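Breakdown of the fold
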Amino acid sequence: MSRIRKHVERLLPYVPGEQPKARGLIKLNTNENPYPPSPKVLAATQAAVDDRLRLYPNPTAKGLRTRLAKLHGVQPENVIVGNGSDELLALATRAFVEPARDCVQYFTPSYSLYPVLTDIHNARRREVPLPVDFSLPTVQELRSFKRWDFKAALTFVTTPNAPSGRGYATANLEQLCRAQQGIVILDEAYVDFAQENAMALATQYDHVLVSRTFSKAYSLCFQRIGYFVGPAKLIEALDKVRDSYNVNGLGQVAAEATLKQLTYYRANFRKIIELRKRTVEKLAALGFQTLPSATNFILTKPPRFAARTWLKRLRERKILVRWFSDSRVKDYLRITIGSEREMTTLHREVKAVLKG
Ligand SMILES: *Cc1c(COP(=O)(O)O)cnc(C)c1O
């Protein structure tokens, strides 16, 4: 007799990108930032490692929320901080979706955590394929797709999209939001590498939340800090279903310090965007077809060998990239934009694979 709920026994867990133990590998597989946190952020975090570790942190991340509210021109009641944005995405299913009845809607391919969260909550998955170029369908097109549900309890939109890297215009996102009756979460994990963001929609509509994270753009994956901005009523509902001390103290310190050093981070965004452009050009000269990217990674179709073979060949050469078996993207590699040196090595090793 199993003591575990049948529903849980059937669940398939989220599969994270590999975090190798071996040193000397170039990690271009999980969209981490190649630049370290600002020295001031490291100093502030280190300085916080003292006697206070025995105390509970601020239960609502008040200081951080206040700073974030100021940054986005909203009130602290419009902000909730989570143990990474992943936690908040999970809380949203808990707060807004009735198990066994409601559906969670999202495009495919997009963030592979959404189906996992839907299943954990025992909600219904509503997966709607993106067009072949991974562009955002217009509302008119969505009306013609039988599968799209304008009344879905919760709709996740990854914008810019992952794993394609495509950016979506705020005007188009706004049309989509206006047409939805349920809650829409705009997952802007990569938005700092894009040309526009849709934060304004979270302040204008009573059913729209914008999700952000310190992980990718702010070099802080390790600390697990993400946040939502949106209507106070929705934030209050999320607040009710979170754990009492969901955001660890050192994470709060590091994130607050980060917000005082935005100039440092913005310079890094510019470097990554510039290097993204040069990487796409160099790979194009070798026969790679890359989708336009508004993120810190590219989705690219390699020449000569199958994408999966490229994954293996590059790994033999100590470079980790990501490959997804999903039929829509199986011919592509997803490559994170690393440092100048890492991308130079990638270019050299790609040429070597092509010669070998
Ligand atoms: C990385 C990522 C997240 C999660 O970020 P955390 O804040 O580290 O939990 C959310 N959404 C997308 C699309 C991501 O790629």
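Look up a bit, the structure's there.
In this text the structure is predicted, and so the values were computed from the model without any measurement. (Residues numbered from 1 in each chain as written. Predicted model: local features only at pLDDT ≥ 70, side-chain atom pairs only at ≥ 80, totals over all residues. Heavy atoms only, no water.)

1. Let's talk about the packing of aromatic side chains
Taken as a whole and judged by the stated rule, the model has 16 aromatic pairs. For the pair Y106 and Y114, a centre-to-centre distance of 5.8 Å together with 50 degrees between the ring planes defines the contact as tilted. Y114 carries the same exposure label as Y106, and that label is buried. Ring centres 4.4 Å apart and planes at 10 degrees place the aromatic pair Y114 and F156 in the stacked group. A residue pair is termed long-range when its members are at least 10 positions apart, and Y114 in helix α5 (residues 113-120) and F156 in strand β5 (residues 154-158) qualify at 42 residues. Across the pair, exposure class does not vary: Y114 and F156 are buried alike. An aromatic cluster of at least three residues, connected via ring pairs, comprises F193, F214, Y218, Y227, Y264, Y265 and F269. Here the basic side chain of R313 rests over the ring of F305, its NZ or CZ set 4.9 Å away from the ring centre. (Phe/Tyr/Trp six-rings, centres within 6.5 Å; stacked < 30°, edge-to-face > 60°. Buried < 20%, exposed > 50% of the residue type's maximum accessible area, 1.4 Å probe, protein only. Helix = DSSP H or I, 4+ residues; strand = E, 2+ residues; numbered from the N terminus. Lys NZ or Arg CZ within 6 Å of the ring centre and 35° of its normal.)

2. Considerations on the layout of surface pockets
The volume enclosed by the second largest pocket comes to roughly 310 Å³. Sorting the residues of the lining of the second largest pocket by element identifies α3 (62-72), β7 (208-213) and α11 (262-285) as the ones contributing at least two each. Here the lining of the second largest pocket gets three residues from one element, more than from any other, and that element is α11. (1 Å grid on protein atoms, 1.4 Å probe; cavity = no way out; pocket = protein on both sides within 12 Å on 5 of 7 lines; lining within 4 Å. Points joined across faces, edges and corners; volume = space filled by probe spheres on them.)

3. Here we look at the site of the ligand
Around the ligand, the neighbouring residues are G84, S85, D86, Y111, T158, D187, A189, Y190, T213, S215, K216 and R224. A distance of 2.9 Å separates an oxygen atom of the ligand from a polar atom in the side chain of K216. Considered on its own, the ligand offers 390 Å² of accessible surface; in the complex 94% of this is hidden by protein. (Near = heavy atom within 4 Å. Polar contact = N/O pair within 3.5 Å; in protein donor to acceptor, adjacent residues only side chain to side chain. Areas by Shrake-Rupley, 256 points an atom, 1.4 Å probe, with all protein chains shown as cover.)

4. Points about unusual backbone geometry
Geometrically, the link from T159 to P160 is a cis peptide bond, its omega value of -5 degrees lying close to zero. Note that P160 resides in the loop between β5 and α7 (170-179). Residue A162 is joined to P163 through a cis peptide bond whose omega torsion reads 5 degrees. In this structure, P163 sits in the loop between β5 and α7. The backbone of A100 shows a phi angle near 70 degrees, a positive value even though the residue is not glycine. Secondary-structure assignment places A100 in the loop between α4 (85-96) and β3 (103-108). A positive phi angle is found at R304, which is not glycine, with a value near 70 degrees. With respect to the secondary-structure elements, R304 resides in the loop between β10 (297-301) and α12 (307-316). Given the relative accessible area of 59%, R304 is considered exposed.

5. Things to note about the nonpolar core
In terms of nonpolar packing, the biggest core is built from 75 residues, with L64, F107, L186 and F214 touching the most fellow members. Per-element tally for this core: the top contributor is α11, with six residues. Here this core gathers at least three residues from each of two domains, domain 1 (6-35 + 263-355) and domain 2 (39-261). Residue contacts for F214: discarding those within four places in its chain leaves L64, L68, S219, L220, I225, Y227, A255, T258 and L259. Formed by 25 residues, the second largest nonpolar core is a distinct cluster that contains F96, Y114, I185 and F228. (Core = buried A, V, L, I, M, F, W, Y, C linked by side-chain atoms within 4.5 Å. Domains from an automatic or database assignment. Contact = heavy atoms within 4.5 Å.)

6. Section: the side chain of Q261
Considering the arrangement of structural elements, one finds Q261 in the loop between α10 (249-259) and α11. Setting aside its immediate chain neighbours within four residues, Q261 contacts S38, K40 and V41.

7. Some thoughts on the pairing of strand β8 (residues 225-229)
A large share of β8 lies buried, amounting to five of its five residues. Examined bridge by bridge, strand β2 (residues 79-83) and β8 share five bridges and lie antiparallel to one another. Within the sheet, the bridge partner assigned to V79 lies in β8 and is V229. One ladder, built from four bridges, connects β7 with β8; its direction is antiparallel. Bridge pairing in β8 places R212 opposite Y227. (Pairing = 2+ DSSP bridges.)

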